[in-house]
Amino acid sequence: MSKAKTICTVCNYIYDEAMGEPRLEISPALKFEDLPDEWACPECGSAKDMFQPCSCVSLPIYEQTCVVHHHDTNPNNTLAATAEGALSKSAPVGQLVAQRPLRACVLEQYGIDYCCGGKATLEEACQKKGLQVEEILEKLLAADRKGAQSADTDWTTASLKDLIDHIVNTYHQPLRQELSRVVQLAEKVARVHGDNHPEMVEVMNIFNRFKAQLELHMQKEEMVLFPGIASMEATGTPQIFGCGGGIEHPIDVMNQEHDEAGEALSAMRRLTNDYTPPDDACSSFKLLLSSLAQIESEMHQHVHKENNILFPRALELRKPALTSR
Ligand SMILES: [Fe+2]
Ligand SMILES: [Fe+2]
């Protein structure tokens, strides 16, 4: 039996040839390429050209779970069947936060990665952290109830121009200031405590690279990608980037750089024992660790809004141009 899977790059729905799509009466074993040209994603309506081969076919860990992400019929798996943003353990964590930004606070609290790891389901993310998924679902439900009382902007429907302004003003500008402040602190701590705590020399080196790469990354976003997205939204015309490719190319590069930033943050967290000050830590040492923890938390929200909201919505803008070919 065929085992190929194809993923919707907009909403992460997976068409599994072994399962077919019972909701559309597509029987198992029908290959993705044999689906009619007018076939559209049953979750978000995206055209066939928005799909790409799903890499999870080669990852045994996902074999048991990815095919049921969007076919879950067990009512016990859905606690809050709201008009949109149903809270389900089989939903990708990035999608859960995209639908209700306040859920990020709960996931941060439990160390669940919802930005670069946003495609994992809540159940998978909890398993990875050794957490009880029911407990996290209850916390998320409480956050939803709280969120219903606040006027949180829904970035999944706001204009992309407003979302870009929000990202630049809320994350990029403060981050630049923080990077400049913390790099001096990291150098001071490494100089003063490096003999007793050689891991802090390594933290300083990682932070230096992290700062340089992130500053360049934000510059590329602000000077190339973001204006391109805003222009596509305003004119409805696809933009040509770099060597003549479409918007997916700079987005691929940004995604990769987000992963690298995430790895640097994870390495610093590991080296500092989850930002725990040692007994002989002075106030600068403690300030450095709390600053790193704060930068990590802000980066998760920042990267989440790009990876899981801005970029998929920008890729969606290419659809009319591609389908009209
Ligand atoms: Fe950014
Ligand atoms: Fe970015």
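See the structure above.
Residues numbered from 1 in each chain as written. Chains lettered and ligands numbered in written order. Predicted model: local features only at pLDDT ≥ 70, side-chain atom pairs only at ≥ 80, totals over all residues. Heavy atoms only, no water.

Student: Tell me what's going on with the overall build of the chain, and back it up with residues and numbers.
Tutor: Looking only at helices and strands, the chain features ten helices and five strands. Counting only residues that meet the buried cut, the chain has 46% of its 325 residues in that class. Sequence separation of at least 24 residues holds for 68% of the intrachain contacts in the chain that already meet a minimum separation of 6. In the form shown here, the chain has an accessible surface area of approximately 16,500 Å², with 52% of it arising from carbon and sulfur atoms. (Helix = DSSP H or I, 4+ residues; strand = E, 2+ residues; numbered from the N terminus. Buried < 20%, exposed > 50% of the residue type's maximum accessible area, 1.4 Å probe, protein only. Contact = heavy atoms within 4.5 Å. Areas by Shrake-Rupley, 256 points an atom, 1.4 Å probe, with all protein chains shown as cover.)

Student: Any chance you could break down helix 4 (residues 122-129) for me, citing the residues and the numbers?
Tutor: L122, E124, A125 and C126 are the residues of helix 4 that are buried. Immediately downstream of helix 4, the backbone of G130 shows phi near 70 degrees, a positive value.

Student: I'd like a rundown of the packing of helix 6 (residues 160-193) against helix 7 (residues 199-235), residues and numbers included.
Tutor: Between helix 6 and helix 7, the shortest axis-to-axis distance is 10 Å and the interhelical angle comes to 165 degrees. With respect to helix 7, the axis of helix 6 lies roughly antiparallel. The hand of the helix 6/helix 7 crossing is left-handed. Residues of the contact of helix 6 with helix 7, tallied by class, amount to 21 nonpolar, four polar and eight charged. (Axes fitted to C-alpha atoms, helices over the stretch in contact; angles between N-to-C directions. Parallel < 35°, antiparallel > 145°, perpendicular 65-115°, else oblique. Left-handed = near helix turned anticlockwise from the far one by under 90°. Nonpolar A, V, L, I, M, F, W, Y, C, P; charged D, E, K, R; others polar.)

Student: A description of the packing of aromatic side chains should follow, citing residues and the corresponding values.
Tutor: Inspection of the entire model under this criterion finds four aromatic pairs. The interplanar angle of 85 degrees and the centroid separation of 5.9 Å between the aromatic rings of F32 and W39 together place this pair among those described as edge-to-face. Owing to a relative accessible area of 10%, F32 belongs among the buried residues under this scheme. Members of the aromatic cluster, joined through ring pairs, are Y15, F32 and W39. (Phe/Tyr/Trp six-rings, centres within 6.5 Å; stacked < 30°, edge-to-face > 60°.)

Student: Residues and numbers for the coordination of the iron ion (ligand 2), please.
Tutor: Summarising the metal site, the iron ion (ligand 2) is bound by the protein donors H217 (NE2), E221 (OE), H258 (NE2) and E306 (OE), whose distances to it range over 2.0 to 2.2 Å. Considering all four donor atoms around the iron ion (ligand 2), the spread of angles at the metal, 85 to 170 degrees, places the coordination shape in the irregular class. Sequence spacing of the donors to the iron ion (ligand 2): H-x3-E-x36-H-x47-E. In this model, the iron ion (ligand 2) sits 3.0 Å from the iron ion (ligand 1), the two metals being bridged by E221. You can see H217 and its partner E221 sitting in helix 7, four residues apart, about one turn around the helix. Taking relative accessible area as the criterion, E221 reaches 0% and is therefore assigned buried. (Donors = N, O, S within 2.8 Å, 3.2 Å for Na, K, Ca; no water. Tetrahedral: all angles 85-135°; square planar, octahedral: opposite > 155°, others 65-115°.)

Student: How would you explain the coordination of the iron ion (ligand 1) if you had to name every residue and give the values?
Tutor: The protein atoms that coordinate the iron ion (ligand 1) are H172 (NE2), E221 (OE), H302 (NE2) and E306 (OE), at distances spanning 1.9 to 2.2 Å. Around the iron ion (ligand 1) sit four donor atoms, and with donor-metal-donor angles ranging over 89 to 167 degrees the site reads as irregular.

Student: Could you give an account of the pattern of salt bridges, with specific residues and numbers?
Tutor: Pairing between side chains of opposite charge can happen when the charged atoms of each approach one another. Within this structure, the stated rule accounts for nine salt bridges. Taking the shortest distance from any N to any O, the salt bridge between E222 and R176 comes out at 3.1 Å. Pair noted here: E222 is in helix 7 and R176 is in helix 6, with a separation of 46 residues, a long-range link. Here R269 ties to D274 by a salt bridge, and the two come within 3.3 Å at their closest N and O atoms. Assessed through its relative accessible area of 31%, R269 is described here as partly exposed. Three or more residues joined by partner-sharing salt bridges are found here, namely R269, D274 and E296. (Salt bridge = Lys/Arg side-chain N within 4 Å of Asp/Glu carboxyl O.)

Student: Which residues make up the nonpolar core, and what values do they have?
Tutor: The biggest cluster of nonpolar side chains holds 31 residues, and the ones touching the most others in it are F207, F210, M268, L288, L292, I295 and M299. Going through the elements one at a time, helix 6, helix 7, helix 8 (248-271) and helix 9 (283-316) are the ones with two or more residues in this core. Once you skip the residues sitting within four places of it in the chain, I295 turns out to touch L175, E178, V182, F207, F210 and L265. Membership of the second largest hydrophobic core comes to 22 residues, among which are A158, I167, V168 and M254. (Core = buried A, V, L, I, M, F, W, Y, C linked by side-chain atoms within 4.5 Å.)

Student: Would you mind going over unusual backbone geometry in detail, with residue names and values included?
Tutor: Positive phi outside glycine occurs at A29, with the angle close to 85 degrees. If you trace the backbone, A29 turns up in the loop between strand 2 (14-16) and strand 3 (51-53). The backbone phi angle of D274 is positive, close to 60 degrees, even though this residue is not glycine. Residue placement: D274 occurs in the loop between helix 8 and helix 9. Residue D274 is classed as partly exposed on the basis of its relative accessible area of 48%.

Student: How would you explain the environment of T237 if you had to name every residue and give the values?
Tutor: Note on placement: T237 falls in the loop between helix 7 and helix 8. You can call T237 partly exposed: its relative accessible area is 40%. Between the C-alpha atom of T237 and that of L317, which follows or precedes it by 80 residues, the distance is 8.6 Å.

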